[in-house]
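# Coordinate inspection notes
Spelled out, the chains give:
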Amino acid sequence: MIKTPTMSSAAVEAPVTVRSKDGFLLPIDVRLHCTVTAEQAPRLVALVGNPDGPSDDPQHPRLDLLATHLVLPAVQEYFRNIAATMDALDFFGGREAIEEKARLKLTEELKASHVTCDRVFIGNIYLEATDAGQKLLAAKVDFEIESMQQKTRELREARKDRDERAKAEAKK
């Protein structure tokens, strides 16, 4: 989902949906913090018109057009490309690195429009929105539980062996 305080378009509100390398659909809540410097503002106004002036289409103010025709496609392209290189669960763990790489890439993409992408925030990743995603998450939870149980069994066996050795030493 991409949203700025002045945007109202439904297209801007929708999560960015991408497919991971292992085939899972990932609806991702993406937020951007973008700025336009005072020096670059006249160039942006030349591209999209005065954001405070009357719009030709009252349903889509000029900043919405900037978001839906420039920012949103760049965000969708970046996240589609990065998700295609990662497994769904790796996407969760690599969130901070993905945000930083996205910021750099989007700053580069938006440079021609005189917009700087200062921060990218990945909010919710709605993996549980699909049946396959729910099954993956359940399998991951089951795996983690089994892993913890295995560690507990190993610790108990090690403690039992240590106690038996201590008893044998004490008998000598």
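The structure we're discussing is the one just above.
The present account deals with the structure reproduced in this document.

What counts and what doesn't
Residues numbered from 1 in each chain as written. Predicted model: local features only at pLDDT ≥ 70, side-chain atom pairs only at ≥ 80, totals over all residues. Heavy atoms only, no water. Pairing = 2+ DSSP bridges. Helix = DSSP H or I, 4+ residues; strand = E, 2+ residues; numbered from the N terminus. Patch = residues over 30% accessible without salt bridge, like charges linked within 9 Å, V, L, I, M, F, W, Y side chains within 5 Å. Areas by Shrake-Rupley, 256 points an atom, 1.4 Å probe, with all protein chains shown as cover. Salt bridge = Lys/Arg side-chain N within 4 Å of Asp/Glu carboxyl O. Core = buried A, V, L, I, M, F, W, Y, C linked by side-chain atoms within 4.5 Å. Buried < 20%, exposed > 50% of the residue type's maximum accessible area, 1.4 Å probe, protein only. Contact = heavy atoms within 4.5 Å. Phe/Tyr/Trp six-rings, centres within 6.5 Å; stacked < 30°, edge-to-face > 60°. Axes fitted to C-alpha atoms, helices over the stretch in contact; angles between N-to-C directions. Disulfide = S-S within 2.5 Å.

## Examining the pairing of strand β2 (residues 25-35)
Each regular strand carries side chains that alternate between the two faces of the sheet. Sheet topology places strand β1 (residues 16-19) next to β2; four bridges connect them, and they run antiparallel. Each residue of the ladder has a partner; that of V16, found in β2, is I28. Here β1 folds back onto β2 in antiparallel fashion, the turn holding five residues, of which G23 has a positive phi close to 90°.

## Things to note about a nonpolar patch on the surface
A surface patch of nonpolar side chains, about 270 Å² in accessible area, is lined by V141, I145 and M148. Note that V141 resides in helix α6 (residues 131-171).

## Description of the nonpolar core
Judged by nonpolar contacts, the single largest core of 30 residues is most densely connected at I28, F79 and F91. Broken down by secondary-structure element, the contributors of at least two residues to this core are β1, β2, α3 (62-83), α4 (88-93), α5 (95-110) and β3 (116-125). Looking at this core element by element, the count peaks at eight residues for α3. For F79, the contacting residues outside a window of four places in its chain are V16, V18, I28, V30, F91, I98, A102, V120 and I122.

## Some details on the packing of aromatic side chains
Scanning the entire structure with this criterion turns up one aromatic pair. An angle of 85° between the planes, with centres 5.3 Å apart, marks the rings of Y78 and F79 as edge-to-face. Pair check on accessibility: Y78 and F79 agree, each one buried.

## Some remarks on the sheet that holds β3
Ordered by their spatial adjacency, three strands build an open sheet running β1-β2-β3, and the pairing between neighbours is antiparallel. Strand pairing shows two members of the sheet lacking a second neighbour, β1 and β3, which therefore form its edges. On average, each strand axis in the sheet is inclined to that of its neighbour by 40°, with strand direction left out of account.

## A look at the environment of G123
Within the secondary structure layout, G123 lies in strand β3. Distance from G123 to R31, taken between C-alpha atoms, is 7.3 Å for residues 92 residues apart in sequence. The residues contacting G123, other than those within four sequence positions of it, are D29 and R95.

## Thoughts on the state of the cysteines
Chemically, a disulfide is nothing more than a covalent bond linking the sulfur atoms of two cysteines. Under the defined criterion, the tally for this structure stands at zero disulfides. A disulfide-free cysteine, C34 has its sulfur positioned 4.4 Å from the sulfur of C117, the nearest such atom. Owing to a relative accessible area of 30%, C34 belongs among the partly exposed residues under this scheme. For C117, a relative accessible area of 1% puts it in the buried group.

## A few points about the pattern of salt bridges
Taken as a whole and assessed by the stated rule, the structure comprises five salt bridges. When the shortest N-O distance is used, the salt bridge between K105 and E108 registers 3.9 Å. Of this pair, K105 and E108 are both found in helix α5, three residues apart, which corresponds to roughly one turn of the helix. Taking relative accessible area as the criterion, K105 reaches 32% and is therefore assigned partly exposed. A salt bridge links K105 to E109; its shortest N-O distance comes to 3.6 Å. Here E109 and K105 lie together in helix α5, a separation of four residues that amounts to about one turn. By relative accessible area, which is 33% here, E109 ends up partly exposed. One continuous salt-bridge network, built from bridges that share partners, spans K105, E108 and E109.

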